[in-house]
Each structure stands twice: as C-alpha cells, then as structure tokens.
Amino acid sequence: MISVIGTVYNERESIHRLLDSLCEQTRPPDDVVIVDGGSTDGTPDVMQPYTHRLPLRVIVVPGANISAGRNRAFAESTGDIIAITDAGVTLPPDWLEQLTNPFTADESVGVVAGFFRAEPYTVFEAAMGATVLPLADEIDAETFLPSSRSVAVRRAAYERVGGYPEWLDYCEDLIFDLRLKQVTPFAFAPDACVGFRPRGSLRAFYKQYYLYARGDGKADLWRKRHAIRYVTYLVALPALLILGFVQHPAWWGLLVLGGVYYLGGAYRRLPTVLRAYATSQRLSAWDVVYAVLLVPVIRIVGDVAKMIGYPVGWRWRLRERPPAWRDTSTP
C-alpha cells in the first residue's frame, strides 16, 4: 500500500491545486492523510469535500509545526511506502507512479527523491524561480537532498530515523534527509517533478530565507557556506571597493568577474523559466529586462536574510541545546 501525507496551515487559496492533482493520479494513493496545524482561514473546510473523491482524512492539530504535522500524518497512515508532499504544489498525473516505481525496481532502496520546478504566475516569480531553484540537469543524484514537496520513504526507514525533528521549525526536511542518508540507499526520480510557485514579493522571500537560515543555525548546518557568505560581503567586497578607489579601478574588475560567476547559474536558468511562464502568460521585451534586473536584487536580499537569520538560530542552539541529530540512534 502507498500513502500520501502532508501538513498544511492557512492554505485555503492553494490547497485545491494539490488535492485536484491527487485526484488525477495514474496510480491512485491507497490513503491520504493531511494534518492541519490549526488554520484560521477555513482550510479544513475546503478540504472536506475531497473526502468524497479521495481516501482522505483531515486531522486538525492546533499548534503543530511542520515536523509534528508530518509525523502525526505518518502515524495515522497505513501504507508501507509513504509519499510526502506539500501544500502549494501541483502534482503531474504520473507523480505518484514515477515516485514509487524505483521501490519495485530495487528492494534495497529506502528513499526516492522526486524533484520540483518553478511554476511562476508573474514575471517576479519567474525571476525568483530562476534565482533560487535548480534545474534537474544541475542535480547530482548521489548527493541530492530532496525537498519534502516530493519524496517517498519506506515505513521502516522513516521509523528508523524517528521521523522529522519536531524540535526544529525550518530546514526539518534536510535533517530528515541527512539522517536517512546514513541508514538507507536513495534513488532519484526526476520525472516525479511537482510544480512549485515561488515567493511573490521580496518581503515574503526575505522572510522565507531568514527562517531557512535560522533553521540552519539551530541545526548547525552548512557552517562553511555561511562563513563564505560573511567573508564575501563583510571582507572581500569592501576590500575590493576600497582598493579600486585607492590604488586602481582594475580591482573592480574582480567584482565584475565575481558577480558573473555568482549570478551565472540564475541567468542560465532564466530563459527556461521564462518560457514556462510564457506558456500561460504574455511575455514582453520589458518583462525579460525586468526579470534580468531582478536576479541580482533577489540574490542580495536572500544573502542578507541568511546573514541575519543564521546567528539568530545559533543563539537559540546555544541556549536550548537540541538533540545530536547526526546520531541516528537517537530520535
């Protein structure tokens, strides 16, 4: 049996995209369990009619964070294979089939990593998707850590690592992935690719990346990456600007080269994402220029959010002393 689980909070406007696409699966789920964390916008009421179209149970757990919601949904599910997704995504009709086929092909596989792509509704969202979301051909299947927008896990593997870390409010899926990497083989299913709508404003994006970085600090993730960011913005950038003024403007050429390298991936992805946007919306020449100009702004805002959020997470970590999650013998 195959279960689909997820957790939601205040998703009244978007939950129908997920549930409608679940209704259209070529391999229907045997059961669907969604935990609502206490929505105040009537999300459970929107989900209720789908109980006549899906083997769906909606469980309301006020105050449950994402990890607690997923773990409760898992406990209530019945399948030997658990497919995990999220509100705000659209599933292709063969998503569940593609995501679970590798388990049949290889019984040693304990986790199948699906993928996600930008599904922009505005030019801003297209620029956002190109800046922050990789394309499938950029992924190294051996090291890829799947988002819980699209991943499937054998029940035994889920239980072995104790599920999602309920002490962590963001980046919980990375900890879940890293613990699973220690105990079971992964497979990559790039065709199990869900559509994901990027953040629609700089304010929403800033908040998202601040919380991600705060989660990194709480979980002690990616020390090197964060250190490089601080050195780049607080040491290298000011030093090159000063040298350009004091010695020779040629120093600023290094800034240009660094910028080209740093933004190159986003600009390579931008045509692909804009083409996806243009399939449903009119795309003008000004829209393209606007998207090109947005990319460095989005990158800088994201970096600032990370540099502010990361030490906040570390302060929490030093105060609260969370579990040693790298030890899979502990929950």
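Residues numbered from 1 in each chain as written. Predicted model: local features only at pLDDT ≥ 70, side-chain atom pairs only at ≥ 80, totals over all residues. Heavy atoms only, no water.

Trainee: What should I look at first to understand the pattern of salt bridges in this one?
Mentor: A side chain of one charge can pair with a side chain of the opposite charge if their charged atoms are brought near each other. A full pass over the atoms with the stated rule returns 15 salt bridges. Where R57 meets D31, a salt bridge forms, and the shortest distance between an N and an O atom there is 3.4 Å. Taken together, the residues R57 in strand 3 (residues 56–60) and D31 in strand 2 (residues 31–36) connect sequence positions 26 residues apart. You can call R57 partly exposed: its relative accessible area is 34%. With relative accessibility at 7%, the residue D31 sits in the buried group. For D86, the salt bridge is made with R70, and the minimal N-O distance between the two is 3.7 Å. You can see D86 sitting in the loop between strand 4 (81–85) and strand 5 (89–90) and its partner R70 sitting in helix 3 (residues 66–76), a full 16 residues away along the chain. The class for D86 is partly exposed, based on a relative accessible area of 23%. Residue classification places R70 among the buried positions, given a relative accessible area of 2%. One network of salt bridges, with partners in common, ties together D31, R57, R72 and E76. (Salt bridge = Lys/Arg side-chain N within 4 Å of Asp/Glu carboxyl O. Helix = DSSP H or I, 4+ residues; strand = E, 2+ residues; numbered from the N terminus. Buried < 20%, exposed > 50% of the residue type's maximum accessible area, 1.4 Å probe, protein only.)

Trainee: Sorry, what's going on with the environment of E138 here?
Mentor: Residue position: E138 is located in the loop between helix 5 (123–132) and strand 7 (150–154). Among the polar contacts made by the side chain of E138, one reaches the side chain of R269 at a distance of 2.8 Å. (Polar contact = N/O pair within 3.5 Å; in protein donor to acceptor, adjacent residues only side chain to side chain.)

Trainee: So what exactly am I meant to see when it comes to the pairing of strand 7 here?
Mentor: Taking burial as the measure, the five residues of strand 7 include four buried ones, the bulk of the element. Inspection of the sheet shows strand 4 paired to strand 7 by five bridges, in the antiparallel sense. When the sheet's bridge partners are listed, T85 is paired in strand 7 with S150. Sheet analysis places strand 6 (residues 111–118) next to strand 7, joined by three bridges and oriented antiparallel. Each residue of the ladder has a partner; that of V111, found in strand 7, is V153. (Pairing = 2+ DSSP bridges.)

Trainee: When you look at the packing of helix 8 (residues 202–219) against helix 11 (residues 285–320) in this model, what are you seeing that I'm missing?
Mentor: Angle between the axes and distance between the axes are the two parameters that describe a pair of packed helices. Their axes nearest at 6 Å, the elements helix 8 and helix 11 cross at an angle of 35°. Relative to helix 11, the crossing made by helix 8 is right-handed. The residue inventory of the contact of helix 8 with helix 11, partitioned by class, reads 17 nonpolar, four polar and five charged. (Axes fitted to C-alpha atoms, helices over the stretch in contact; angles between N-to-C directions. Left-handed = near helix turned anticlockwise from the far one by under 90°. Nonpolar A, V, L, I, M, F, W, Y, C, P; charged D, E, K, R; others polar.)

Trainee: Explanation requested: the sheet that holds strand 3 in the structure shown.
Mentor: Across a sheet, strands are paired by hydrogen bonds formed along the backbone, either parallel or antiparallel in direction. In space, the eight strands of this open sheet follow the order 3-2-1-4-7-6-8-5, with mixed pairing throughout. Both edges of this open sheet fall to strand 3 and strand 5, since each of them pairs with a single strand only.

Trainee: So what exactly am I meant to see when it comes to unusual backbone geometry here?
Mentor: Most of the time, phi is negative for any residue but glycine, and the peptide bond is trans. Phi is positive for N10, close to 50°, though the residue is something other than glycine. Note on placement: N10 falls in the loop between strand 1 (2–8) and helix 1 (15–23). At R321, a residue that is not glycine, the phi angle is positive and equals roughly 50°. Take R321: it is sitting in the segment after helix 11. Under the relative-accessibility criterion, R321 is labelled exposed at 70%.

Trainee: What should I look at first to understand the packing of helix 10 (residues 251–278) against helix 11 in this one?
Mentor: With their axes 11 Å apart at the nearest point, helix 10 and helix 11 run at an angle of 135° to one another. In terms of axis orientation, helix 10 runs oblique to helix 11. Two packed elements cross with a definite hand, and for helix 10 against helix 11 that hand is right-handed. Between helix 10 and helix 11, the contacting residues are Y262, L263, A266, Y267, R269, L270 and L274 on the first element and V288, A291, V292, V295, P296, R299 and D303 on the second. A class-by-class count of the residues in the contact of helix 10 with helix 11 yields 11 nonpolar, no polar and three charged. (Parallel < 35°, antiparallel > 145°, perpendicular 65-115°, else oblique. Contact = heavy atoms within 4.5 Å.)

Trainee: Which parts of the structure should I look at to understand helix 7 (residues 172–181)?
Mentor: With eight of its 10 residues buried, helix 7 lies for the most part within the structure. The set of residues buried in helix 7 consists of E172, D173, L174, I175, F176, D177, R179 and L180.

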